Amino acid sequence: MHSLSSARQSEVKAWEEEITPCEHTLTLEQLVSGPIPASGLAHCNACDLKENLWLCLTCGSLGCGRQQFGGLGGNGHGLSHYEASGHAVSVKLGTITPEGGAGMMIALIGVDSADHDPDIYCYQCNDAKEDPDLARHLASFGINVQTLTKTEKSMTELVCPVMNVHPPC
Ligand SMILES: [Zn+2]
Ligand SMILES: [Zn+2]
Ligand SMILES: [Zn+2]
């Protein structure tokens with residue numbers, strides 16, 4: 001194997017770290033019977049975990065992730081679902097508030113920060129991937145990403161109700 005220049009090596013490294021779509025996210029076929037009720041997003045389909053949850057983008061099944069060392073608990077039910085169904089692609093759900101009703105069920109999709117891309121995992125590739133069609137795939141389940149964005153924005157635009165009384169509210 002010929003040697004690479006250091007510039008070329010860093011280029012290769014950058015390429016390796018970039019999250020890209022895979023054939024499974026690009027050719028995802030959904031089996032959707034309609035919007036997912038809030039109860040279907042409240043906790044893992046197979047156990048009571050309410051965090052570290054992954055939504056199967058094929059059928060909308062919600063399964064917990066794998067146990068993370070020093071991190072969130074998990075029973076690997078998302079992986080079990082893939083092994084049983086062959087549904088490869090899941091997206092991680094963040095804060096879930098079923099009480100909020102449709103459109104407010106998921107306060108955060110993805111991980112910690114708002115400008116971070118959603119966590120999408122392909123069990124078949126066994127790696128993090130990107131789904132360029134995520135908004136449409138979530139909309140099939142009645143989850144409106146546009147509404148979520150709008151909700152976040154309107155929160156920051158909220159005017160303090162007592163601002164006239166106490167300006168530095
Ligand atoms: Zn579970
Ligand atoms: Zn599925
Ligand atoms: Zn894949």
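All figures in this text were calculated on a predicted structure; none of them were measured in a lab.

### Description of the sheet that holds strand S4 (residues 120-122)
Judged by pairing direction, the sheet is antiparallel, and its five strands sit side by side in the order S2-S1-S3-S4-S5 without closing on themselves. The sheet is open, and its two borders are formed by strand S2 (62-64) and strand S5 (127-129), each paired with just one other strand. Averaged over all neighbouring strand pairs, the angle between strand axes comes to 40°, with direction disregarded. Examined bridge by bridge, strand S3 (residues 89-93) and S4 share three bridges and lie antiparallel to one another. The partner of valine 89 across the bridge, within S4, is cysteine 122.

### Comments concerning the environment of proline 35
With respect to the element layout, proline 35 can be found in the loop between helix H2 (23-26) and strand S1 (53-56). Along the backbone, proline 35 and alanine 139 are 104 residues apart, and their C-alpha atoms lie at a distance of 8.3 Å. If sequence neighbours within four positions are ignored, proline 35 has contacts with Ser140, Phe141 and Gly142.

### Digging into the coordination of the zinc ion (ligand 3)
Perfect tetrahedral coordination of a metal by four donors corresponds to 109.5 degrees between them, and perfect octahedral coordination by six donors corresponds to 90 or 180 degrees. In this structure, Cys22 (SG), His24 (ND1), Cys122 (SG) and Cys125 (SG) serve as the protein donors to the zinc ion (ligand 3), at separations of 1.9 to 2.3 Å. Considering all four donor atoms around the zinc ion (ligand 3), angles at the metal cover 106 to 114° and the coordination shape is tetrahedral. Judged by relative accessible area, histidine 24 falls into the buried class, the value being 16%.

### Let's talk about the pattern of salt bridges
Tallying each qualifying case throughout the model produces one salt bridge. A salt bridge links arginine 136 to aspartate 133; the nearest nitrogen and oxygen atoms lie 2.8 Å apart. Look at arginine 136 and you get partly exposed, because its relative accessible area is 48%. Given the relative accessible area of 33%, aspartate 133 is considered partly exposed.

Analysis parameters
Residues numbered from 1 in each chain as written. Chains lettered and ligands numbered in written order. Predicted model: local features only at pLDDT ≥ 70, side-chain atom pairs only at ≥ 80, totals over all residues. Heavy atoms only, no water. Pairing = 2+ DSSP bridges. Helix = DSSP H or I, 4+ residues; strand = E, 2+ residues; numbered from the N terminus. Axes fitted to C-alpha atoms, helices over the stretch in contact; angles between N-to-C directions. Contact = heavy atoms within 4.5 Å. Donors = N, O, S within 2.8 Å, 3.2 Å for Na, K, Ca; no water. Tetrahedral: all angles 85-135°; square planar, octahedral: opposite > 155°, others 65-115°. Buried < 20%, exposed > 50% of the residue type's maximum accessible area, 1.4 Å probe, protein only. Salt bridge = Lys/Arg side-chain N within 4 Å of Asp/Glu carboxyl O.

The values are spatial; any link to function lies outside them.
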